[in-house]
Each structure stands twice: as structure tokens, then as C-alpha cells.
Amino acid sequence: MKIVIPVDNNSMDTNVCISFGRAPYFLIFDTETEENSFLDNSAAASQGGAGIKAAQNIVDSGAEALVTPRCGDNAAEVIKAAGIKLYKTVNNSIQDNIKAFEEGKLNLLDDIHPGLHQHGGK
């Protein structure tokens, strides 16, 4: 199963990123082959809608689960509509979260927030 985790750097030694939509990278980890790759989050520099754009990148990656500290409501809608499960991280360690996922110890994410939507005129 392919799982995705937002991370600070493109390294297995980095930390989980607190922000989903603004995470610099996404770790894509295959629990069956234990192979990993990193996806640049092109949405991170977006003026607005970063979460939705990042969520679409996750959908396009073929992921089956997202493990994240939190997620905005618009991004969560995109993720859930694609049939991807959202799980809450246990801490900021990539390895701890992968292990907890594989052992079935992660809780479903219920920290869906309104998002940091930038509304208003110019």
C-alpha cells in the first residue's frame, strides 16, 4: 500500500511537516516493497488553494493513505473523494509513523480545520 506523509526535506531522516498544503515535500512510501520516493510539493508556493493543489498531487500519486498532523477541509474533501484514508501522525518521526501505520495503530484524522483561506480583494 502506498502511503504519503508531508515532510520537511527529501530525506528519510527529516521530520514530518506540520503543514499539509505548505509541506515542501511528500514522502511516498510503499509498505509492501518498502521503497520510498519524494514528491516536490509544487503547491507550497501558491498564493491560495495550496491544500487543494497538494491534495490533487497526492491523488495523482496513486496513494491509498495520507498520514498527516492536520489537514484543511477543502484538501480533506479532495483526499476523501478519491477514496484515500486520512490518518493522524503519532509524532514528527517518519519511521515511527510508518511503523504505527503498518501495525494498525494510527487513528483516523479528525483534526480537519477550516483552512487558512485567503479571501478578500486586491
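Residues numbered from 1 in each chain as written. Predicted model: local features only at pLDDT ≥ 70, side-chain atom pairs only at ≥ 80, totals over all residues. Heavy atoms only, no water.

Let us look at the confidence of the model for the protein chain. Here the protein chain shows a mean pLDDT of 92. Residues at 70 or above account for 93%. Note that pLDDT drops below 50 for residues 118-122; the model gives that stretch 2 contacts with residues more than four away or on any other chain. (pLDDT = per-residue confidence, 0-100. Contact = heavy atoms within 4.5 Å.)

Turning our attention to the sheet that holds strand β2 (residues 25-30). Spatially, the 5 strands line up as an open sheet ordered β3-β2-β1-β4-β6, and their pairing is mixed. The sheet is open, and its two edges are formed by β3 (36-40) and β6 (85-88), each paired on a single side. This sheet shows a mean twist of 25 degrees between the axes of neighbouring strands, independent of strand direction. As judged from the 2 bridges shared by strand β1 (residues 2-7) and strand β4 (residues 65-68), these two strands associate in the parallel manner. Paired with Val4 across the bridge in β4 is Leu66. (Pairing = 2+ DSSP bridges. Helix = DSSP H or I, 4+ residues; strand = E, 2+ residues; numbered from the N terminus. Axes fitted to C-alpha atoms, helices over the stretch in contact; angles between N-to-C directions.)

With that settled, the discussion passes to the packing of helix α1 (residues 50-60) against helix α2 (residues 73-81). At a closest axis distance of 8 Å, the pairing of α1 and α2 adopts a crossing angle of 20 degrees. Here α2 runs roughly parallel to α1, going by the angle between their axes. Between α1 and α2 the crossing geometry is right-handed. Here Gly51, Ile52, Ala55, Gln56, Ile58 and Val59 of α1 lie close against α2, whose contacting residues are Asn74, Ala75, Val78 and Ile79. Here the residues of the contact of α1 with α2 sort into 7 nonpolar, 3 polar and no charged. (Parallel < 35°, antiparallel > 145°, perpendicular 65-115°, else oblique. Left-handed = near helix turned anticlockwise from the far one by under 90°. Nonpolar A, V, L, I, M, F, W, Y, C, P; charged D, E, K, R; others polar.)

For the structure on display, the rule yields 0 disulfides. In this structure Cys17 is a free cysteine whose sulfur lies 12 Å from that of Cys71, the closest cysteine sulfur available. Judged by its relative accessible area of 9%, Cys17 falls in the buried class. (Disulfide = S-S within 2.5 Å. Buried < 20%, exposed > 50% of the residue type's maximum accessible area, 1.4 Å probe, protein only.)

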